[in-house]
Amino acid sequence: MKVYRFLAGPDDASFCHKVTLALNKGWSLHGSPTYAYNAETKQMQCGQAVVKEVEGKEYTPDIKLSEQ
């Protein structure tokens, strides 16, 4: 099963740590990162898609993607 996640957060070290954690758990970057201004919080936001191949499991909508 191929699993997809979109990681998002403020443009600070916490976002980099979130992506680094995913990479160290076997996820791979997918596509280019995104960068946008959030007018509500008055902060820049980052986003990055990640994918992972999980052997021996079937997809169901109730799985917790971050735990794969």
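From a predicted model like this one, the values you see are computed outputs, not experimental measurements.

Participant: What's the story with the sheet that holds strand β2 (residues 28-38) in this structure? I'm lost.
Facilitator: To summarise the sheet geometry, strands pair through backbone hydrogen bonds and adopt either a parallel or an antiparallel arrangement. Strand order across the open sheet formed by three strands is β1-β3-β2, with antiparallel pairing between neighbours. With one partner strand each, in any of the chains shown, β1 (2-10) and β2 form the two edges of the open sheet. The mean angle between the axes of side-by-side strands here comes to 15°, regardless of whether they run parallel or antiparallel. Each of β1, β2 and β3 (43-53) is contacted by helix α1 (residues 13-24), which is oriented at about 165° to β1, the strand it contacts most.

Participant: Please clarify how the environment of D62 should be interpreted in this entry.
Facilitator: Residue placement: D62 occurs in the segment after β3. Its relative accessible area of 65% is what places D62 among the exposed residues. Only 2.6 Å separates the side chain of D62 from the side chain of T60, close enough to count as a polar contact.

Participant: I'm lost on the pairing of β2 in this one. Help?
Facilitator: On a regular strand, each side chain points to the face opposite its neighbour's, so the side chains alternate between the two faces of the sheet. Where β2 meets β3, eight bridges bridge the pair, whose relative direction is antiparallel. Residue pairing in the sheet places H30 in a bridge with A49 of β3. Remark: four residues form the turn of the hairpin made by β2 and β3, two consecutive strands paired antiparallel; K42 in that turn has positive phi of roughly 60°.

Participant: Would you mind going over the packing of aromatic side chains with me for this structure?
Facilitator: By convention here, two paired aromatic rings are described through the distance between centres and the angle between planes. Evaluated as defined, the whole model comprises zero aromatic pairs. A cation sits over an aromatic face here: R5 above W27, 5.0 Å from the ring centre.

Participant: Honestly, the nonpolar core in this entry has me stumped. Any pointers?
Facilitator: Generally speaking, soluble globular proteins have nonpolar side chains that are buried together. Core analysis: the largest hydrophobic core is formed by 10 residues, namely M1, V3, L7, F15, V19, A22, W27, C46, V50 and V54. Elements with a minimum of two residues in this core: β1, α1 and β3. The element that contributes the greatest number of residues to this core is α1, accounting for three residues.

Participant: What's the story with the environment of G47 in this structure? I'm lost.
Facilitator: Position of G47 relative to the elements: it lies in strand β3. For G47, a relative accessible area of 1% translates into the label buried. Sequence-wise, G47 and R5 are 42 residues apart; in three dimensions their C-alpha atoms are separated by 10 Å.

Conventions adopted
- Residues numbered from 1 in each chain as written.
- Predicted model: local features only at pLDDT ≥ 70, side-chain atom pairs only at ≥ 80, totals over all residues.
- Heavy atoms only, no water.
- Pairing = 2+ DSSP bridges.
- Helix = DSSP H or I, 4+ residues; strand = E, 2+ residues; numbered from the N terminus.
- Axes fitted to C-alpha atoms, helices over the stretch in contact; angles between N-to-C directions.
- Contact = heavy atoms within 4.5 Å.
- Buried < 20%, exposed > 50% of the residue type's maximum accessible area, 1.4 Å probe, protein only.
- Polar contact = N/O pair within 3.5 Å; in protein donor to acceptor, adjacent residues only side chain to side chain.
- Phe/Tyr/Trp six-rings, centres within 6.5 Å; stacked < 30°, edge-to-face > 60°.
- Lys NZ or Arg CZ within 6 Å of the ring centre and 35° of its normal.
- Core = buried A, V, L, I, M, F, W, Y, C linked by side-chain atoms within 4.5 Å.

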